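Results of the structural survey
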Amino acid sequence: MPREWDATAYDALPLPHQQWGKRTLGQLTLNGTERVLDMGCGTGRDTAALLDLLPRGQVVAVDGSLRMLDQLRKRLAGRLDRVEVVYADITEPLPVQGHVDAVTSVATFHWIPDHAKLFAGIAAVLRPGGRFVAECGGLGNIAAVSAAVDSFLGEQPAVWNFAGAEETERRLRDAGFTGIDVALVPDPARLEPGEQLRNYLATVVLGGQLERLPAAEQEAFVTAVAARLAEPVIDYVRLTISATRAAS
Ligand SMILES: C[S@@+](CC[C@H](N)C(=O)[O-])C[C@H]1O[C@@H](n2cnc3c(N)ncnc32)[C@H](O)[C@@H]1O
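Residues numbered from 1 in each chain as written. Predicted model: local features only at pLDDT ≥ 70, side-chain atom pairs only at ≥ 80, totals over all residues. Heavy atoms only, no water.

An unreviewed UniProt entry lists the chain under the name Methyltransferase domain-containing protein, with Actinacidiphila oryziradicis as the source organism.

Written out as structure tokens, the structure reads:
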């Protein structure tokens, strides 16, 4: 299974993910009765927004972190009768019964190495004509942070998959999607220098590197990355995806 996330620290941060979630869900047109899959739902912020949009519908909320899903259950207490909470690794075939009417995902797919397999898996559970809207880190994402990481750790196995627009369009077409709209959108996020920047880096950005480091070296690593940034800015470039599963 994928690594665990610190759900409490995550929700305490000023997350640009809130805007990314609004922007992504804003591309769905729903009649309120659908069943929608939220991939990498985390602590359930967008799952909650989906429930608001689906007064007679359901959400399938999938994530590979038990701590994130515990936080989601707390957030959605009293509304869980309309949520299927699924603990699963989305690099594997999705354990979703039947079809869903739409699929959404925010800030997750850059953690998934094989996007061709990922999109084929989504097409397998999305009904023909169903919409797929998502966003994640794309080509050029957090280049300054990556340079700071490399200058401290040296050459390391890849942690992130920041895909480009053209290759993403091709993979979506190959997986059976149509009406494809993919873009790369620069969207830098400014944080307070010091503790907030370090907490943000440790909780949201550097988890893949931190899990490979001994505990005694982790704090120095995060401090060094923060110190090597010219500004307290995470230089995000988002890959936005909107597509429709072709009628078969
Ligand atoms: C940055 S968080 C985004 C959470 C939420 N969508 C949001 O916008 O706040 C990334 C999420 O992806 C999940 N994730 C990463 N790799 C995964 C995998 N292979 N399978 C399932 N979930 C995964 C993590 O557990 C985490 O909750």
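**Here we look at the site of the ligand**
As a matter of local geometry, the ligand sits amid 21 residues, with Y10, G40, R45, D63 and D89 nearest to it. Side-chain polar atom of R45 to an oxygen atom of the ligand: 2.7 Å apart, as the coordinates give it. The separation between a nitrogen atom of the ligand and a polar main-chain atom of V106 is 2.9 Å. For the ligand, the accessible surface in isolation is 600 Å², of which the surrounding protein chains cover 97%. Given that more than half its atoms are within 2 Å of the pocket grid, the ligand belongs to the largest pocket. (Near = heavy atom within 4 Å. Polar contact = N/O pair within 3.5 Å; in protein donor to acceptor, adjacent residues only side chain to side chain. Areas by Shrake-Rupley, 256 points an atom, 1.4 Å probe, with all protein chains shown as cover. 1 Å grid on protein atoms, 1.4 Å probe; cavity = no way out; pocket = protein on both sides within 12 Å on 5 of 7 lines; lining within 4 Å. Sits in = over half its atoms within 2 Å of the grid points.)

**Focus: the pairing of strand β1 (residues 35–39)**
Among the 5 residues of β1, 5 are classified as buried, and the element is accordingly described as predominantly covered. Judged by which residues are buried, β1 turns out to be covered on both faces: R35, L37 and M39 on one side and V36 and D38 on the other are all buried. Summarising the sheet, β1 and strand β4 (residues 100–106) pair through 4 bridges and their orientation is parallel. Counterpart to V36 in the pairing with β4 is A102. (Buried < 20%, exposed > 50% of the residue type's maximum accessible area, 1.4 Å probe, protein only. Helix = DSSP H or I, 4+ residues; strand = E, 2+ residues; numbered from the N terminus. Pairing = 2+ DSSP bridges.)

**Concerning the nonpolar core**
Ranked by internal contacts, the top residues of the largest apolar core, which has 33 residues, are V145, Y200, L201, V205, L206, I234 and Y236. Among the elements of the structure, α1 (7–11), α6 (143–153), α8 (195–205) and α10 (215–228) are those that each provide at least two residues to this core. Here the element with the most residues in this core is α8; it accounts for 5 residues. When near neighbours in sequence (up to four residues on either side) are disregarded, V145 contacts L201, V205, L206, V225, L229, I234 and D235. In terms of nonpolar packing, the next biggest core, distinct from the first, is built from 31 residues, L37, F119, V125 and L126 among them. (Core = buried A, V, L, I, M, F, W, Y, C linked by side-chain atoms within 4.5 Å. Contact = heavy atoms within 4.5 Å.)

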